[in-house]
Amino acid sequence: MPRKLNILIASSEAVPFIKTGGLADVVGALPKELEKLGHNVKIVLPRYYGIDANKWNLQNVGGPLGVNMGSLGELWCGAKTCKLPNTNIDVYFIDYENYFGRKGPYSGSDGEGYGDNYARFAFFSKACLDLCKMINFRPDVAHVNDWHTSPIATMLNSTHRYDDFFKDTASLLTIHNMQHQGSFYLGDYPYFLGTEYDSNVNMLRDGIYNANIINTVSNGYADEIKTQEYACGLEKAINDRSGDLYGIVNGIDYSIWNPEIDKKICANYNIYDLSGKESCKRDLQRTFGLPERADVPVVAIVSRLAKQKGVDVVAEAIYRLVNYDMQLVILGEGEIWTHFFFPNIAVKHPHKVACHIGYNESLAHKIEAGADFFLMPSRFEPCGLNQLYSLSYGTLPIVRATGGLNDTVDNYDEQTGEGNGFKFGDLTADAIYNTVGWAMYTYYNRKDHLYKLIKNAMGKRFTWQRSALKYEEMYYKAVEKRVGAEQYKIILEG
Ligand code: ADP
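As the structure is a prediction and not an experimental result, all values here were calculated from the model.

**Section: the overall build of the chain**
Per the secondary structure count, the chain includes 17 helices and 20 strands. For the chain, the C-alpha radius of gyration of 23 Å lies close to 23 Å, the compact-globule estimate for 494 residues. Oriented by its inertia axes, the alpha-carbon framework of the chain measures out at about 70 × 50 × 45 Å. Looking at the chain as shown, the accessible area adds up to about 19,800 Å², and 48% of this sits on carbon and sulfur atoms. Looking at charge distribution, the chain has the averaged site of its 51 positive side-chain charges lying 3 Å from that of its 58 negative ones.

Put into structure tokens, the structure is as follows:
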């Protein structure tokens, strides 16, 4: 039985405190399973001012923390703490108003990233390590996520390599999205975090080169990012480290996304009795002002309305999609043009299309439960959560076969009725139109297969328990790489 580990999880977001995407879901859920496996986990987040000190009962920790930022000088910050709800896991918040006293984690209301993001997250990364010393928590592994906390892996392998406190601290870098890299012109700060840069820094690339082990959130995406098409310029770094690159698909939280117990939906149902799903469909149609018809299929989209999600191609296909006898429900927010385009289509086709612009968890649950199909035509998809929720609710995913979507959705086989969704390859308006058409045909003409697909979908489980075991394996691998085989043996026995 290997020794249990001290695990530091550093992230720019985590459920339930602050969320913009799937990264937050992972950091909110994985630690709970690691705790069950007996590990000692501590999470560190920036304290954005949207995180309410009263609501979470944040307590101050220690004295002020002086973070040495190279040529930016020493910056003094505070630290606060609370427990991750329903666990005994400590969550720490780095409190520094100049950098985090803003509403959004990465960008202001104009959607543009803050100009000082590199300094904000370099500072945060450094503060995470300084905090460990302050609270005397010596991590066996620092689990860092995306570019924001990649500098931790870089520092552990450079400035902190022979620091007595961190000399045995391994690092695992999880890439949730390759598109954002923390790439900045650093001409003004040639000396930063004790590392010399000539002109540019790419925090993610540095993290890839310095982390002991790297993983992405699906096997498919781990393969894709070795290619120019998906690597967003980092294919060389990824290929240089491909021997240490793994894929671990995300789990979902079945205490939240489960039609059997979900309180946000109007009727509960399960794989043996789907009658509640019919009520949910009616409720969804009513909520969105669509005709309450049980016989017409509802296709749904819940998404960031961004190019990554292929919504520009949906916009191209939508003029033809409205020709099918189906209803289309869209929930999302994102690129400004979508906030006009989709509501406008809904006004033109009030019996067929309904749209809600905004971020709304309750509506997301109602949609997952009430829809028949879920459309997710992503350009790239590191893992994707919505298709997993859809499977859990028996809402058949129609997806582009990429990354995590390809790994988690099994294409319908017309001969046998096996599968749990519908897949297509090229991201074109034709492919979306035809594949939705295939799903419509199945809905109207192959009810026997339709029920089989729904049951297959609901029977498939993506638990965090399973993913956590894989992360645990990665942690041990990382530790072995950091300390060497000899010492690893001693640690295991310790
Ligand atoms: P990404 O992280 O790329 O945005 P994922 O599918 O991995 O995509 O995760 C998206 C998460 O955000 C899911 O939990 C999804 O339900 C949620 N979500 C996205 N847009 C909305 C919205 N408008 N309202 C409610 N939830 C949303």
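**Regarding the state of the cysteines**
Enumeration over the complete set of coordinates arrives at 0 disulfides. Of all cysteine sulfurs in the structure, the one in Cys128 sits closest to Cys132, which takes part in no disulfide; the separation is 7.2 Å. Note on Cys132: relative accessible area 1%, which makes it buried.

**Topic: the side chain of Thr442**
Within the fold, Thr442 resides in helix H15 (residues 429-445). On the basis of relative accessibility, which here comes to 1%, the residue Thr442 falls in the buried class.

**A closer look at the domain arrangement of the chain**
Interface extent is often summarised as the accessible area lost during association of the parts. In terms of domain boundaries, the chain breaks down into domain 1 (6-251 + 464-493) and domain 2 (275-459). Facing 17 residues of domain 1, the contacting portion of domain 2 comprises 18 residues. Buried surface at the junction of domain 1 and domain 2, both sides included, amounts to about 1,200 Å², of which 55% is carbon and sulfur. Linking domain 1 with domain 2 are 0 salt bridges, by the criterion used here. Viewed at the interface, domain 2 and domain 1 are joined by 8 residue pairs in polar contact (both at pLDDT 80 or more). Listed by contribution, the elements that provide at least two residues to the side of domain 1 that touches domain 2 are helix H1 (22-36) and helix H6 (219-224). Residue composition of the side of domain 1 that touches domain 2, by class: 4 nonpolar, 10 polar and 3 charged.

**A few points about the site of the ligand**
Every one of the 19 residues lining the ligand counts as a neighbour, but Lys19, Gly22, Arg304, Lys309 and Gly358 are closest to it. The contact in question runs from an oxygen atom of the ligand to an N or O atom on the side chain of Asn386, over 3.1 Å. Between an oxygen atom of the ligand and a side-chain N or O atom of Tyr389, the distance comes to 3.2 Å. Compared with its free state, where it exposes 560 Å², the ligand has 94% of that area covered by protein. Counting only elements with at least two residues in the shell around the ligand, the list comes to H1, strand E15 (298-305), strand E16 (327-334) and helix H13 (386-392). No other element matches the 3 residues that E15 contributes to the shell around the ligand. Considering only residue class, the shell around the ligand consists of 7 nonpolar, 8 polar and 4 charged. Residues lining the shell around the ligand come from more than one domain, with at least three contributed by each of domain 1 (6-251 + 464-493) and domain 2 (275-459).

**Focus: the packing of aromatic side chains**
What the rule picks out here adds up to 30 aromatic pairs. Plain terms: the ring middles of Phe17 and Trp56 are 4.7 Å apart, the flat faces sit at 65 degrees to each other, and that makes the pair edge-to-face. Of this pair, Phe17 sits in the loop between strand E1 (6-10) and H1 while Trp56 is found in the loop between strand E2 (40-46) and strand E3 (59-60), placing the two residues 39 residues apart along the sequence. Across the pair, exposure class does not vary: Phe17 and Trp56 are buried alike. Considering the side-chain rings of Trp147 and Phe184, the 5.7 Å spacing of their centres and the 65 degrees angle between planes classify their relative orientation as edge-to-face. Pair noted here: Trp147 is in helix H4 (residues 146-157) and Phe184 is in strand E9 (residues 183-185), with a separation of 37 residues, a long-range link. Taking the relative accessible area as the measure of exposure, Trp147 reaches 6% and is therefore buried.

Calculation criteria
Just so you know, the residues in each chain are numbered from 1, in the order the chain's sequence is written. Given that the model is predicted, a residue must reach a pLDDT of at least 70 before its local features are reported, and side-chain atom pairs must reach 80 or more before they are shown or counted; all residues, however, enter totals for whole chains, interfaces and linings. To obtain the side-chain values, all non-hydrogen atoms of the structure were included, while hydrogens and water were left out. Helix and strand definitions follow DSSP, with helices as H or I runs of at least four residues and strands as E runs of at least two, each counted in order from the N terminus. The quantity called the radius of gyration is restricted to C-alpha atoms. Its globule counterpart is 2.2 Å times the number of residues to the power 0.38. Surface accessibility in these figures is a Shrake-Rupley result with a 1.4 Å probe; residues are shielded only by whichever protein chains are displayed. Under this rule, positive means Lys or Arg and negative means Asp or Glu; His and the chain ends count for nothing. To locate a charge, take atom NZ for lysine, CZ for arginine, CG for aspartate or CD for glutamate. By definition, disulfides here are pairs of cysteine sulfur atoms that lie within 2.5 Å. Only protein chains enter the accessibility calculation, which uses a 1.4 Å probe. A residue is then buried if its area is under 20% of the maximum for its type, exposed if over 50%, and partly exposed in between. Just so you know, the domain bounds were taken from an automatic or database domain assignment. The contact rule is simple, with two residues in contact once any of their heavy atoms fall within 4.5 Å. Two parts placed together each lose some accessible area under a 1.4 Å probe, and the buried area is that loss summed for both. Salt bridge, as applied in this entry: a Lys or Arg side-chain nitrogen positioned within 4 Å of an Asp or Glu carboxyl oxygen. Under the rule applied, a polar contact is a pair of N or O atoms within 3.5 Å (in protein, one hydrogen donor and one hydrogen acceptor; residues adjacent in sequence only if both atoms are side-chain atoms). Each residue receives one of three labels: charged for Asp, Glu, Lys and Arg, nonpolar for Ala, Val, Leu, Ile, Met, Phe, Trp, Tyr, Cys and Pro, and polar for the others, Gly being one of them. Nearness here has a simple test: a residue counts as near a molecule or strand if at least one of its heavy atoms is within 4 Å of that partner. Stacked, tilted and edge-to-face are the three classes assigned to paired rings of Phe, Tyr and Trp, where Trp is represented by its six-membered ring and a pair needs centres within 6.5 Å; plane angles under 30 degrees give stacked, over 60 edge-to-face, the rest tilted.

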